[in-house]
Amino acid sequence: MDRLSSTTILPDTFQGTRDDFSMQMALIWGQIKAPLIVPLLRLAVIVCLIMSLMLFIERVYMGIVIMLVKLFGRKPERRYKWEPMKDDVELGNSAYPMVLVQIPMYNEREVYQLSIGAACGLSWPSDRIIIQVLDDSTDPTIKDLVELECQRWASKGINIKYEIRDNRNGYKAGALKEGMKRSYVKHCDYVVIFDADFQPEPDFLWRTIPFLVHNPELALVQARWKFVNADECLMTRMQEMSLDYHFTVEQEVGSSTYAFFGFNGTAGVWRIAALNEAGGWKDRTTVEDMDLAVRASLKGWKFLYLGSLKVKNELPSTLKAYRYQQHRWSCGPANLFRKMVMEIITNKKVSSWKKVHVIYSFFVVRKLVAHIVTFIFYCVVLPATVLVPEVEVPKWGAVYIPSIITILNAVGTPRSLHLLVFWILFENVMSLHRTKATFIGLLEAGRVNEWIVTEKLGDALKARAGTKGPRKPRFRFGERLHLLELCVGAYLFFCGCYDVVFGKNHYFIYLFAQAIAFFIMGFGYVGTIVPNS
């Protein structure tokens, strides 16, 4: 009988313990909410609204500039002198400048033939061009394959050099710097850089070099990227939307107004004299391309973006590769800003307006604020206002401004407008990684110089695309769980449930949708669902 009594009392004891714990938590929450949580959350809302306004004004400004550029037809050929290169009977081929083409690569088994073949196929006088393959591969098999490919093209009369080094110091910047030390480079006037997955058209040099020849103030001509696997999966479509905006708007605005923008690290032609004057390649950050561009700009050099010239390349098609790439692209600029902000401020060669553009527009708004406000405001602060109804976010800050920013971002890829909701959710999840990487760069924390080469599929991608039969959605989980994304997803889901039960039902649809997106990415999901075009 006593044993029976103890078993009936036990559940009641647990229930009482749970009730006591709930009451204690409610009591603690009530005590800290008014004096601590509410003021802090109000402050966070104000800071986030200020950052949203900064981003909004920048986006609207760039939108207006693009409209004016299109309206008045300010094409590069009208802003800068351009004439086709002409033969000279007396000088012969020596009338053409000497061009160096650099192809840095690292264990690029799938794409080395594509990139080397495309570079060797560039149309230019054969005695006025040098193809330089900078192979940092650690896999001896791949090294042998790359060397054999270079020998194959050399046997066809192509002036191609296969260069290796005994270490990977400085990663890509170190390889490019080492390549520039070769004795034959001192005879070159211009250097073209193509990453291992880039495939330029044969007329690339005929369309870019004349700008540099006829405009001595120009240091760089940058081409646009064209993505060969944009339709590979939903993730690549999302990337295409973001990068199309970058090229269609950000690069065009920088080129049209201040003749400055960030070099994209590939598909560009540098004047070697400008590169050397700026101090050459430096490996102090993971964005050696942006570093060089800022330093060259501070020396007074101008840049030109050619949106009409497109170079084929490949987008990361796995979530793991994309995460590593975005870490590098977010951490590097923040770290470079930390290292160069005083150098920019004290520079005497450029105007104050250009300094403001580089510091405020280029670095602060686009490289810092854009990442931070996207995650902190839309994934942390806004959901928190559901739990603390005393703090309200004005409708213009919660709805109107983000809607306008989103629409302005989407204009670069009209064919993907129907994927806008997916893009918003995807970008918000990625903003977690970008924000984390941004703070790592600003604080120079542990992973600040992490460099993991983006995986490329090349021929394997073509084989997959050529597979016959209808493609069915496939679901595959990643190598490991991503705890941070799962935690944020759980937080958003809890806020959504709270909004449904106790709140004003303002944001629960958004909160649930965003929570699902975080859960999907947190489980390392990789989808190859091909969206309808």
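Rules behind the numbers
- Residues numbered from 1 in each chain as written.
- Predicted model: local features only at pLDDT ≥ 70, side-chain atom pairs only at ≥ 80, totals over all residues.
- Heavy atoms only, no water.
- UniProt positions renumbered as here; feature names shortened; annotations may be inferred.
- Helix = DSSP H or I, 4+ residues; strand = E, 2+ residues; numbered from the N terminus.
- Patch = residues over 30% accessible without salt bridge, like charges linked within 9 Å, V, L, I, M, F, W, Y side chains within 5 Å.
- Areas by Shrake-Rupley, 256 points an atom, 1.4 Å probe, with all protein chains shown as cover.
- Salt bridge = Lys/Arg side-chain N within 4 Å of Asp/Glu carboxyl O.
- Pairing = 2+ DSSP bridges.
- Axes fitted to C-alpha atoms, helices over the stretch in contact; angles between N-to-C directions.
- Contact = heavy atoms within 4.5 Å.
- Buried < 20%, exposed > 50% of the residue type's maximum accessible area, 1.4 Å probe, protein only.
- Expected span 1.5 Å × (residues − 1).
- Core = buried A, V, L, I, M, F, W, Y, C linked by side-chain atoms within 4.5 Å.
- Phe/Tyr/Trp six-rings, centres within 6.5 Å; stacked < 30°, edge-to-face > 60°.

Naming follows an unreviewed UniProt entry, where the protein chain appears as glucomannan 4-beta-mannosyltransferase of Herrania umbratica. Database annotation for the protein chain, UniProt heading Catalytic activity (unreviewed entry): "GDP-mannose + (glucomannan)n = GDP + (glucomannan)n+1."

Turning our attention to the UniProt feature "transmembrane region" (unreviewed entry) in the protein chain. Sequence positions flagged by UniProt for "transmembrane region" (unreviewed entry) are, in local numbering, residues 43-69, 368-388, 400-426, 481-501 and 507-530. Taken end to end, residues 368-388 is 95% helix and 0% strand, and its first and last C-alpha atoms sit 28 Å apart. Here residues 400-426 is 67% helix and 0% strand, with 20 Å between the C-alpha atoms at its ends.

This brings us to a nonpolar patch on the surface. On the surface, Leu53, Ile57, Trp396, Val399 and Tyr400 cluster together to form a nonpolar patch covering roughly 470 Å² of accessible area. Of all the elements in the fold, those that place two or more residues in the nonpolar patch are α1 (2-72) and α12 (395-410). In terms of residue count, α12 provides more of the nonpolar patch than any other element does, 3 residues in total. Relative to the assigned elements, Tyr400 resides in helix α12.

Okay, the sheet that holds strand β7 (residues 302-313) next. Backbone-to-backbone hydrogen bonds join strands into a sheet, with any given pair of strands oriented parallel or antiparallel. Pairing is mixed across the open sheet formed by 7 strands, whose spatial order is β3-β2-β1-β4-β6-β5-β7. Two strands bound the open sheet, and with one partner strand each, they are β3 (160-164) and β7. The mean inter-strand angle of the sheet, taken between neighbouring strand axes irrespective of direction, is 20°. Lying over the sheet, helix α6 (residues 204-214) contacts β1 (99-105), β2 (129-135), β4 (190-193), β5 (218-227), β6 (268-271) and β7, oriented at roughly 175° with respect to β7.

What follows deals with the pattern of salt bridges. Summed over the entire model, instances satisfying the criterion amount to 24 salt bridges. Note that Lys172 and Glu288 form a salt bridge whose closest N and O atoms lie 4.0 Å from each other. Residue Lys172 is found in helix α5 (residues 171-179), and its partner Glu288 is found in helix α9 (residues 288-298); the two are separated by 116 residues along the sequence. Exposure class is identical for Lys172 and Glu288. Each is buried. Between Glu277 and Lys349 there is a salt bridge, with the nearest N and O atoms lying 3.9 Å from each other. Remark: Lys349 occurs in the loop between α10 (319-345) and α11 (352-387) and Glu277 occurs in helix α8 (residues 272-277); sequence separation between them is 72 residues. Take Lys349: its relative accessible area is 54%, and that puts it in the exposed class.

As a further point, take helix α16 (residues 508-522). With 15 residues, α16 should reach 21 Å at 1.5 Å per residue; the first-to-last C-alpha distance of 20 Å fits that figure. Where α16 is buried, its residues contact α10, α11, α13 (420-443) and α15 (483-501). Phi turns positive, to about 70°, at Gly524, one or two residues after α16.

Moving on, we come to the nonpolar core. Formed by 94 residues in total, the largest nonpolar core has its most connected members in Val101, Ile116, Phe204 and Trp270. Looking at this core element by element, the count peaks at 7 residues for β5. Those residues in contact with Phe204 that lie beyond four places of it in its chain are Leu122, Val192, Phe194, Ala223, Ala267, Val269, Leu309 and Val311. Listed in part, the 52 residues of the second largest apolar core include Met54, Ile405, Val488 and Met521.

Attention now moves to the packing of aromatic side chains. Taken as a whole, this structure holds 23 aromatic pairs when the rule is applied. The interplanar angle of 75° and the centroid separation of 6.3 Å between the aromatic rings of Phe261 and Tyr305 together place this pair among those described as edge-to-face. Taken together, the residues span a long stretch of sequence, with Phe261 in the loop between α7 (234-257) and β6 and Tyr305 in strand β7 at a distance of 44 residues. Comparing Phe261 with Tyr305, the two get one shared label, buried.

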